[in-house]
Every structure is written in structure tokens, then in C-alpha cells.
Amino acid sequence: MASMNKPAFQAIRSHSPAKPVLIFVSSRRQTRLTALELIAFLATEEDPKQWLNMDEREMENIIATVRDSNLKLTLAFGIGMHHAGLHERDRKTVEELFVNCKVQVLIATSTLAWGVNFPAHLVIIKGTEYYDGKTRRYVDFPITDVLQMMGRAGRPQFDDQGKAVILVHDIKKDFYKKFLYEPFPVESSLLGVLSDHLNAEIAGGTITSKQDALDYITWTYFFRRLIMNPSYYNLGDVSHDSVNKFLSHLIEKSLIELELSHCIEIGEDNRSIEPLTYGRIASYYYLKHQTVKMFKDRLKPECSTEELLSILSDAEEYTDLPVRHNEDHMNSELAKCLPIELNPHSFDSPHTKAHLLLQAHLSRAMLPCPDYDTDTKTVLDQALRVCQAMLDVAANQGWLVTVLNITNLIQMVIQGRWLKDSSLLTLPNIENHHLHLFKKWKPVMKGPHARGRTSIECLPELIHACGGKDHVFSSMVESELHAAKTKQAWNFLSHLPVINVGISVKGSWDDLVEGHNELCVSTLTADKRDDNKWIKLHADQEYVLQVSLQRVHFGFHKGKPESCAVTPRFPKSKDEGWFLILGEVDKRELIALKRVGYIRNHHVASLSFYTPEIPGRYIYTLYFMSDCYLGLDQQYDIYLNVTQASLSAQVNTKVSDALTDLALK
């Protein structure tokens, strides 16, 4: 790469001494090294700042707003850098300067070729290889990427021609000459992901047999290219028998993989195919079949959040997370600052890096370089759907403890805090050393309400203490927080949802009074010895738990409320949602689970469940849990006195259902 810097400088002098130049390099590190080398060559010229097309004092004012120290230096010489590791504001500054021809040269990574359209008179491709952290070797850019980079040469509104210079090793010169002057076919990439595509079609009901799978593949672009270019896909000849045998082998291999991953079941006739729950989950959340297989193998009835974090980071979706040159050493240093120890021999693994980035996100630890910020966004972007799939797998098994811990993990990922941390720390700008402000706060109150607990330990207590009044919150933190930071924290707090929960049970009883088939459940803390708290239900019968959810509005927000949750630590917008989880704690068993979307005003959700077959007293617990906030969860015990099964009650239930169906029709 270093040997290509002088030819690149000479190409600029020869082909585009005064017009915009775009230089593509293989990595973020190379953008910096190339820029510094070009500055060294400029230093030998009469005018070292010949590529700067604006007043130097004006550029100095712009440089003062730039965060990246290397970019500050290069911009002064009319050279911009552009890659994902830069701060967004720095990237915007560089883009504006280059588009307006204030800087003549822009050095960028190859991803820019597929992103924003920045045409230039001259394009230089400095090397056609990049380091692949997955295989730990240098590999060639796809031809499509090289063509895309070359396509940036030429500005239709200013130039009648564009020039592209490709710098390659001598042994590859003939290859690139050939593809430049001859049509280059686009080949299919289906084979690498065929199993997952087949799983999606099987889960959707499009494919129900091996013959359907064979028919499906003949309608793909892969099949067209297979006939046109068989040697590319390792097919000897294109005779009917050879192609049929080749495709049958591919289908058989993919179906065996899916069967081993518990995604499908092949019938006894060895022809029919049935989707299984794991296959449907993988298809719904767009996950690789290896991931749900790993869930099947590693999830257990009582997984801790630490174990779940390990399972999450080992998902197949993180296999392509880049581990760049020397990042194994950076991972080793980062691991020393984080609470969960990892295998010291695996710091070059993308899964270990994903685990470290998740830990750093939850610990709010300082990352070693800007690249890791970008990688963290990639990890978090995948984390939610992987966690949701994990939740469905655990729910399918009826594992209450694991389901609750996965729900907590989702909250942790979105808010960027550990579960063991105080929920008050999810407030922006509030750190551990601020918690004493809430513990020592005393309200200015008179009368009987003045006596009572004043120490604030969690978000619900803080919400209650503030009562929707920002001046109350300000009085708590103003001694240690500036007004702007206080406003940010209050904006978060004031948007937190407060939901009142009401519970009732619907069904049929022996002593049913016509028109009364619903019993209210007290949400107040009850004494087990109080017989009035126990609800009489019949054994082995279906009942419906009706959960009424009412949003409390404090009246300090004007206009239509937004469904988006406040997630300052999560890179994407997230709609507020909830989980209703019904379980029996004594048996660690999940009874029912339901997802509930944003509650604007009032919402009623229903959870159906069957009572135990054996009469006796049982305590079910209803958990009402947020899918994005820590510390706002609620739980209610429901005391069930299960009596002997009643035939008449079951008949009443069936008749009632039949009448309901008729009314709907």
C-alpha cells in the first residue's frame, strides 16, 4: 500500500491537477496514512496548499469545529477523509467542503462508493485488496465494488469525460484489463444462504415437499446462472441428469441442515416437509438457522442474565463483525475494564468482541477508538431481534425464570445499564455520585403526608415524588447539575409511562348468575390467610385473565403523545411496548405470555389459561414488564382456590363461546 502513494500523487498531477479527486482505500487506517503521505509530497512543492480552494482563515474557523485531530491536519492542506469511524458532524463537514470544491482531494473507504453520490473528475483506487478479519487474510474487493468506485469518475454537469486509475499488483494487471474491456457477469450468492431461504419458504407454507423445494430453486437467478456458467458453481456439465442430480444434492443437504437445527421435520415418506416452532421463529425474526439451534442447545430453565448475554453474543449474526488488525490487543485491554471475564485466548473472535461491546455499552465504559463506536451500533442493531427470538424459544419451553431474565436483558440493552444498577441511573447525566441527592431529598409538605418515607431509591418513587412538576425535580439536583443537563434528565423522566393495572378473571362457575361471568382480582398486597382473597375456580378448565391497562397523564405534555420510547443510549428509535407474563413461581413455570404495544390511553389485554387438574390452592403471578425501560415493572399475585372440575361449568363455557361466535357472524 505504501508503494502506491507516489503513483497516486503523480496521477493527480497528471490527470487532475485542479479538479476534484476521489481516492478509495481499503481501511480507515489507510485513509489517515495516505493523507499524511500526500501531505509529505505536497511539502516538496512550491505551493503546499495548492489543493485548498478557500481562504486559510476561513478554513481555520471550520477546523476549530472538527473533532478528529488527523482530519484537522489534512483539511488545512485541502485533503478530506471520509469513513464510518468519524463523528457524524465531521463527516458532514468533509462532504460539504468536497461537494463545494473547497478541498480538492477526498480519501474514503470503499463503502462511500455505495453511499452518498460524490462524483469527481478523477478516481484513484489505491489497491484492490482488503483485510478480512473473519478469514485473517487479504482478499480482493468484489468486482461490483471496483466498478462502483470507477463509476464515481466524471461529473456530468462539469466534465465531458471522467478518469479512473486502478493501482494493483503487477500479477493482477491482466485480470483487471480484461474485465475493464469485456462484459463481466454477475453471479448468484444464493448458495451461501440457501438453507435460510428454504426455511423461510417452508415456514410460510410455500414449500411443503422436497419436490416443491426443487421447483422453487428452478425459479431463482442462481438456476439461470448455473446453466450459463456451470463451472463457477462446480458443476461438470449441463445435461438434464447432471443438473437434476446437482440440485437434488443441494436441496437434500440444506434440508438436513435445517432438520439438525430443529427448524423442520421431514415426513416418514421422506418427501413431505413440516415447519417446526424453531423454524418459524428463525423465519419471523430473520435469523440464521444456526442461531436458533444454538438457542435450543444452550438455553435452560433458569438462565442468568450473564449466561443470556453470552448466548446473545454467540449468535451467528455476529460472525461477520470485523476484528481488524491488532484489535485483539485492544479487546484484551478493554476486557480489563469490564465486569464479566472472558476466555483470554478468544480476543480475536467476533463473538468475543460482540460480548465486550455489549458489556461496555451496559457499563458505559470508554471505547478505545471510534471504530468501536460504529461496531457497537452494529451489535445493538442486531441485538433486539435476537433477544426477541430467544424470548420466544424460552416461552415455548415454559421457562419462567429465563423468560423474565431475557425481558430484563432487553431492557438493559435499550437503556445501556446493568440490572443491578439503580434505575435512577437511566436518567441522562445522572451518575452514581448523584444518587445521594435523591436519598437525602425531603419534600416541602405539611400535614399528615409530611411524615413518611422521603428517601427515593427508584424511578417510580421519583415519578411519584415529582408529581409531574419540573421545579420539584430541579430542586433535587440543581446543586450538582447545570440547567441544561437538568432539562435533559427531566425530559426523560417526564416521558416515562405510568400505567395503572386492573385484573379480572372471566369464565364459568357452578353458581353462575346470568350475565355475571367475571370476577375482579385485587391488585393490593394480600395476606394468604385471608380467605376472601382466594378466587374459586374449577379444575382443568379454561379461564381468561383480563388485564386493564390505563395510562396516567400528568398533563405536562401538549399535543398528541408520541409512541416512541425515550432511549438516549440506543442508536435506533424504538416504540414503547410491554410484556404480560403469567407464571407460577413455585414451579418456575410460564403459563402465558403476551406482547402489548403502545398504550395511548386505555387498553384491555386477555390471557387465556387452563387451571391445574388437581384441586388445591395455587398462587399465579402476573408480571407487567416494559420492553424498553428499567425499573418500571409491576407484578401482582393472583390467589386461586381450584376446586373439583365441573361439567356444568364447562358446558356453560362452550355454550357461551358458541353464542359469541354466532354474534360475531
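Treat the numbers as computed from the prediction; the structure is a model and nothing was measured.

The rules behind each value
Every residue gets a number counted from 1 within its own chain, in the order that chain's sequence is written. In keeping with the model being predicted, local features are shown solely for residues with a pLDDT of at least 70 and side-chain atom pairs are shown and tallied solely at 80 or more, while totals for entire chains, interfaces and linings include all residues. Working from all heavy atoms in the structure, the side-chain values ignore hydrogens and water. Stacked, tilted and edge-to-face are the three classes assigned to paired rings of Phe, Tyr and Trp, where Trp is represented by its six-membered ring and a pair needs centres within 6.5 Å; plane angles under 30 degrees give stacked, over 60 edge-to-face, the rest tilted. Here the term buried applies to any residue with accessible area under 20% of the maximum for its type, exposed to any over 50%, and partly exposed to those in between, with areas from a 1.4 Å probe on protein chains only. Numbered from the N terminus, helices here are DSSP runs of H or I no shorter than four residues, and strands are runs of E no shorter than two. In what follows, a contact means two residues having at least one pair of non-hydrogen atoms within 4.5 Å. Pairs of strands are assigned from DSSP output, requiring at least two bridges between the strands. Fitting a line to C-alpha atoms yields each axis, with helices limited to the stretch in contact; the angle taken between N-to-C directions then spans 0 to 180 degrees. Domain delimitation follows an automatic or database domain assignment. Joining two parts hides part of their accessible area as seen by a 1.4 Å probe, and the buried area is that hidden amount summed over both. Within this document, salt bridges are pairs made up of a side-chain nitrogen of Lys or Arg and a carboxyl oxygen of Asp or Glu, the two lying within 4 Å of each other. Under this definition, polar contacts are N or O atom pairs within 3.5 Å; protein pairs additionally need one hydrogen-donor-capable and one acceptor-capable atom, and for neighbouring residues in sequence, both atoms have to be side-chain atoms. A patch is a set of surface residues, each over 30% in relative accessible area and not in a salt bridge, joined within 9 Å for like charges and within 5 Å for the nonpolar side chains Val, Leu, Ile, Met, Phe, Trp and Tyr. All accessible-area figures derive from a Shrake-Rupley calculation using a 1.4 Å probe, and residue coverage is judged against the displayed protein chains alone.

## A closer look at the packing of aromatic side chains
Logical step 1: Per the stated rule, a full pass over the model turns up 14 aromatic pairs.
Logical step 2: Both rings, one in Y284 and one in Y285, keep their centres 4.9 Å apart while their planes meet at 85°; by these two values the pair is edge-to-face.
Logical step 3: When its relative accessible area of 11% is taken as the criterion, Y285 is described as buried.
Logical step 4: Taken together, a centroid distance of 6.2 Å and an interplanar angle of 85° make the contact between F492 and Y629 edge-to-face. With F492 in helix α22 (residues 483-495) and Y629 in the loop between β17 (616-626) and β18 (634-643), this residue pair connects regions lying 137 residues apart in the sequence.

## Points about the environment of D132
Logical step 1: Counting through the fold element by element, D132 comes out in strand β5 (residues 129-132).
Logical step 2: You can call D132 buried: its relative accessible area is 19%.
Logical step 3: Note: C-alpha distance between D132 and F609 (477 residues apart in sequence) is 52 Å.
Logical step 4: Once residues within four sequence positions are removed from consideration, D132 is found in contact with R137 and V139.

## Comments concerning the sheet that holds strand β14 (residues 578-584)
Sheets are built from strands paired through backbone hydrogen bonds, the pairs being either parallel or antiparallel.
Logical step 1: A sheet is described by the order of its strands in space; here 5 strands give the open sequence β12-β18-β17-β14-β15, paired in mixed fashion. Among the strands making up the open sheet, the edge pair consists of β12 (535-538) and β15 (589-596). Along the sheet, successive strands turn relative to each other by an average axial angle of 30°, direction set aside.
Logical step 2: In this sheet, β18 lies alongside β17 in antiparallel orientation, the contact comprising 9 bridges. Residue pairing for β18: G616 is matched across the bridge by V642.

## Digging into the domain arrangement of the chain
Logical step 1: Considered domain by domain, the chain is made up of domain 1 (2-181), domain 2 (190-284), domain 3 (299-421), domain 4 (424-495) and domain 5 (499-662).
Logical step 2: Taken together, the 29 residues of domain 3 in the interface contact 26 residues of domain 5.
Logical step 3: Roughly 2200 Å² is buried in total at the junction of domain 3 and domain 5, and carbon and sulfur atoms are behind 67% of that figure.
Logical step 4: Our enumeration of links across domain 3 and domain 5 arrives at 3 salt bridges.
Logical step 5: A salt bridge links R595 to D392, with the shortest nitrogen-to-oxygen separation between them at 2.8 Å.
Logical step 6: Put simply, domain 3 and domain 5 have 11 residue pairs in polar contact (both at pLDDT 80 or more) between them.
Logical step 7: The set of elements that each furnish at least two residues to the side of domain 3 that touches domain 5 consists of α17 (370-397) and α18 (400-415).
Logical step 8: The biggest single contributor to the side of domain 3 that touches domain 5 is α18, with 12 residues.

## Focus: a nonpolar patch on the surface
Logical step 1: A contiguous nonpolar surface patch, about 280 Å² in accessible area, is contributed by I227, M228 and V238.
Logical step 2: Within the secondary structure, I227 sits in helix α10 (residues 221-228).

## A few points about the pairing of strand β1 (residues 21-25)
Logical step 1: Among the 5 residues in β1, 5 count as buried, and that is most of the element.
Logical step 2: Residues V21, I23 and V25 of β1 are buried on one face, and the alternating residues L22 and F24, pointing to the opposite face, are buried as well.
Logical step 3: With 5 bridges connecting them, β1 and strand β3 (residues 105-109) associate as parallel partners. Note on β3: the bridge partner recorded for F24 is A108.

## Focus on the sheet that holds strand β2 (residues 79-82)
Logical step 1: Judged by pairing direction, the sheet is parallel, and its 5 strands sit side by side in the order β2-β3-β1-β4-β7 without closing on themselves. Each of the sheet's edge strands pairs with one partner strand only, and the pair in question is β2 and β7 (163-167). Neighbour-to-neighbour, the strand axes of the sheet open up by a mean angle of 15°, direction not taken into account.
Logical step 2: With 5 bridges joining them, strand β4 (residues 122-126) and β7 adopt parallel strand pairing. Residue pairing in the sheet places L122 in a bridge with K163 of β7.
Logical step 3: Helix α6 (residues 143-150) contacts β1, β4 and β7 of the sheet and is inclined by roughly 150° relative to β4.

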